[in-house]
Amino acid sequence: MKKVVLVTGANSGIGLALCKRLLSVDDQIHLCLACRNMQRAETARAALLCSHPGADIALLKVDVGSLKSVLEAAKELKQSKRYRRLDYLYLNAGIMPNPRIDFNAFINGLFSRKAIHMFATGEGLLTQEDQVTEDGLQNVFATNVFGHFILLRELEPFLCQSEKESLVIWSSSSNARRSAFSLTDYQHTQGKESYSSSKYATDLLSVALNNHYNKQGLYSSVVCPGLVMTHLTYGILPPFFWTLILPIMLLIRMFTNSFTLSPYNGAEALVWLFKQKPESLDPLAKYYSCTSGLGSNYVKPVKMDLDEEAAEAFYQKLLDLETKYRCWQN
Ligand SMILES: NC(=O)c1ccc[n+]([C@@H]2O[C@H](COP(=O)([O-])OP(=O)(O)OC[C@H]3O[C@@H](n4cnc5c(N)ncnc54)[C@H](OP(=O)(O)O)[C@@H]3O)[C@@H](O)[C@H]2O)c1
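These numbers were taken from a predicted model, which means no experiment stands behind them. (Residues numbered from 1 in each chain as written. Predicted model: local features only at pLDDT ≥ 70, side-chain atom pairs only at ≥ 80, totals over all residues.)

1. Examining the overall build of the protein chain
Looking only at helices and strands, the protein chain has 14 helices and ten strands in total. Relative to the globule expectation of 20 Å for 330 residues, the C-alpha radius of gyration of the protein chain, 19 Å, shows essentially globular dimensions. Overall, the protein chain is about 55 × 45 × 40 Å in size when its C-alpha atoms are taken along their principal axes. Here the protein chain, with 330 residues, has 45% of them falling under the buried criterion. A sequence separation of at least 24 residues applies to 74% of the contacts in the protein chain between residues at least 6 apart. (Helix = DSSP H or I, 4+ residues; strand = E, 2+ residues; numbered from the N terminus. Rg over C-alpha atoms; globule rule 2.2 N^0.38 Å. Buried ≥ 20, exposed ≤ 12 C-beta atoms within 10 Å, placed from the backbone. Contact = placed C-beta atoms within 7 Å.)

Structure follows, in structure tokens:
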């Protein structure tokens, strides 16, 4: 049976590279590009059809930062009857708004023993300015976590089917840090590391989803694409600066294989998961895309720094928030 794959944030960066690579692995898939901007989605579809003429590529309009948009998208998918089920749901769309580099930390870190770790994870380097959405949620949390969670909940009938397993894949980050996340402020209204907090939240959520949904045939996994040159990283530093330091990054890649740099390389773990049996995956591992100093790609599973009680507590908080929003709608 042909596999059905839905990818959020499919029109650029890692999402677009993933779609292209998936079509190279299996050009018979039904691919659905879930994007907020239909013009950019059309351009992405045209580019994919250039390399894979005849591929089955549909578009779905969804702004994952808006609950109204997420519910409308799910409704459209159900009403269109285009698909009977979903085999893979890539929750890849993500934002890091108004990033700022702490240059003091950068200079201090550069000459410390933690230099490579700092470059690989962005730890201590990056802060963001978050905003509040029309739903009254923190934008980074709404986009990177909650909108995707509601999309998944709405698509349960497509994902939880007895005859075959489905896999949900979250684009997390090595920047996901326990210290940036708090259960009492899980939207990160107080701090300046909303991106790191949101990615840690996806890690927790994935663990809880496995505990709650595996029996219904739904599995969840988390990936880190490594450091990749995309619109997201061009928001941190301008493209010319990244080009300027490219030789240094290629040198650092000899020591930390997390500098994948190109969207193609960054999609490695996402493509690898497509080829695995969902039930064979480790629910407590994050799968990293890696590129060696000589440029070959591979995938490395790394145990996540979390505990299952915290995952469950966070999951319950999301269910409470979901209930609250559904009550408002009715
Ligand atoms: N690049 C890295 O080094 C890196 C490292 C670790 C993790 N990641 C993660 O990888 C994922 C992909 O990022 P990327 O690097 O490929 O960045 P990107 O090129 O900026 O792509 C992000 C995608 O998400 C979409 N998106 C953003 N907000 C959205 C919303 N509210 N609704 C629907 N779509 C939305 C964007 O659509 P528009 O074109 O309309 O903006 C775009 O298609 C993200 O989750 C990111 O956090 C990236």
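Having seen the structure, we can now continue with the description.
2. Quick word on the site of the ligand
As a matter of local geometry, the ligand sits amid 30 residues, with Gly9, Gly13, Gly94, Thr230 and His231 nearest to it. Mapped onto the shell around the ligand, the elements with two or more residues apiece are helix 1 (13-25) and helix 9 (231-234). For the shell around the ligand, the class distribution of residues is eleven nonpolar, 16 polar and three charged. (Near = placed C-beta within 6 Å. Nonpolar A, V, L, I, M, F, W, Y, C, P; charged D, E, K, R; others polar.)

3. Section: the sheet that holds strand 1 (residues 4-8)
The sheet built from eight strands is open, its strands ordered 3-2-1-4-7-8-9-10 with mixed pairing. Strands at the two margins of the open sheet, each flanked by one partner only, are strand 3 (56-61) and strand 10 (297-303). Strand after strand, the sheet turns through a mean of 25° between neighbouring axes, direction not considered. Bridge count between strand 1 and strand 2 (residues 30-35): five bridges; the pairing is parallel. Within the sheet, the bridge partner assigned to leucine 6 lies in strand 2 and is cysteine 32. Against the sheet, helix 2 (residues 38-51) makes contact with strand 2 and strand 3, and its axis sits at roughly 170° relative to strand 3, the strand it touches most. (Pairing = 2+ DSSP bridges. Axes fitted to C-alpha atoms, helices over the stretch in contact; angles between N-to-C directions.)

4. Some remarks on the environment of glutamine 276
Inspection of the secondary structure assignment puts glutamine 276 in the loop between helix 13 (268-274) and strand 9 (285-291). The partly exposed category is assigned to glutamine 276, around which 14 C-beta atoms lie within 10 Å. Taking C-alpha positions, glutamine 276 is 12 Å from serine 220, a pair spaced 56 residues apart along the chain.

5. As for the nonpolar core
By size, the foremost hydrophobic cluster in this structure holds 87 residues, and its most contacted members are Leu18, Cys19, Leu33, Ala34, Leu89 and Ile169. If one sorts the elements of this core by residue count, helix 6 (residues 139-154) sits on top with nine residues. Excluding residues within four positions of it along the chain, alanine 34 makes contact with Leu6, Val7, Thr8, Ala10, Leu60, Val62 and Ala73. (Core = buried A, V, L, I, M, F, W, Y, C linked by C-beta atoms within 7 Å.)

6. Some points on the UniProt feature "transmembrane region" (unreviewed entry) in the protein chain
Here the UniProt feature "transmembrane region" (unreviewed entry) sits at residues 232-252. With 76% helix and 0% strand, residues 232-252 has end C-alpha atoms that lie 21 Å from one another. (UniProt positions renumbered as here; feature names shortened; annotations may be inferred.)

7. Points about the packing of helix 6 against helix 14 (residues 308-329)
Remark: helix 6 packs on helix 14, axes separated minimally by 11 Å, with the N-to-C direction vectors making an angle of 80°. By the angle between their axes, helix 6 is roughly perpendicular relative to helix 14. On helix 14, the residues touching Phe146, Phe149, Ile150 and Arg153 of helix 6 are Leu318, Leu321 and Glu322. Per-class residue counts for the contact of helix 6 with helix 14 are five nonpolar, no polar and two charged. (Parallel < 35°, antiparallel > 145°, perpendicular 65-115°, else oblique.)

8. Concerning unusual backbone geometry
Even without glycine at this site, asparagine 98 takes up a positive phi of about 45°. One can find asparagine 98 in the loop between strand 4 (88-91) and strand 5 (100-101). Judged by the 12 C-beta atoms lying within 10 Å of it, asparagine 98 is exposed.

9. A short note on helix 2
Here helix 2 spans 20 Å end to end across 14 residues, near enough to the 20 Å set by a 1.5 Å rise per residue. Those residues of helix 2 not exposed but buried are Ala41, Ala44, Arg45 and Leu48. Axial view of helix 2: buried residues confined to an arc of 100°, hence all on one face. For helix 2, the exposed residues lying more than 90 degrees away from the buried face are Gln39, Ala46 and Cys50. Where helix 2 is buried, its residues touch helix 1, strand 2 and strand 3. (Expected span 1.5 Å × (residues − 1). Arc of directions from axis to C-beta.)

10. Regarding the packing of helix 1 against helix 2
Where helix 1 meets helix 2, the closest approach of the two axes is 10 Å, and the angle between their N-to-C directions is 30°. The orientation of helix 1 relative to helix 2 falls into the category roughly parallel. Helix 2 is crossed by helix 1, and the crossing has right-handed handedness. In this structure, helix 1 uses Leu16, Cys19, Lys20 and Leu23 to contact helix 2, whose residues at the interface are Ala44, Leu48 and Ser51. The class makeup of the residues in the contact of helix 1 with helix 2 is five nonpolar, one polar and one charged. (Left-handed = near helix turned anticlockwise from the far one by under 90°.)

11. Comments concerning the pairing of strand 7 (residues 166-171)
Moving residue by residue along a regular strand, the side chains alternate between the two faces of the sheet. Judged by how many residues are buried, strand 7 sits mostly within the fold: six of six residues are covered. Residues Ser166, Val168 and Trp170 of strand 7 are buried on one face, and the alternating residues Leu167, Ile169 and Ser171, pointing to the opposite face, are buried as well. Pairing of strand 4 with strand 7, which is carried by four bridges, proceeds in the parallel orientation. Bridging across to strand 7, tyrosine 90 finds its partner in isoleucine 169. Direction of pairing for strand 7 relative to strand 8 (residues 218-224): parallel, over a ladder of six bridges. Bridged to isoleucine 169 within strand 8 is serine 221. With respect to chirality, the unit in which strand 7 leads through helix 8 (residues 194-213) into the neighbouring parallel strand 8 is right-handed. (Right-handed = clockwise from strand over helix to strand, strands pointing away.)

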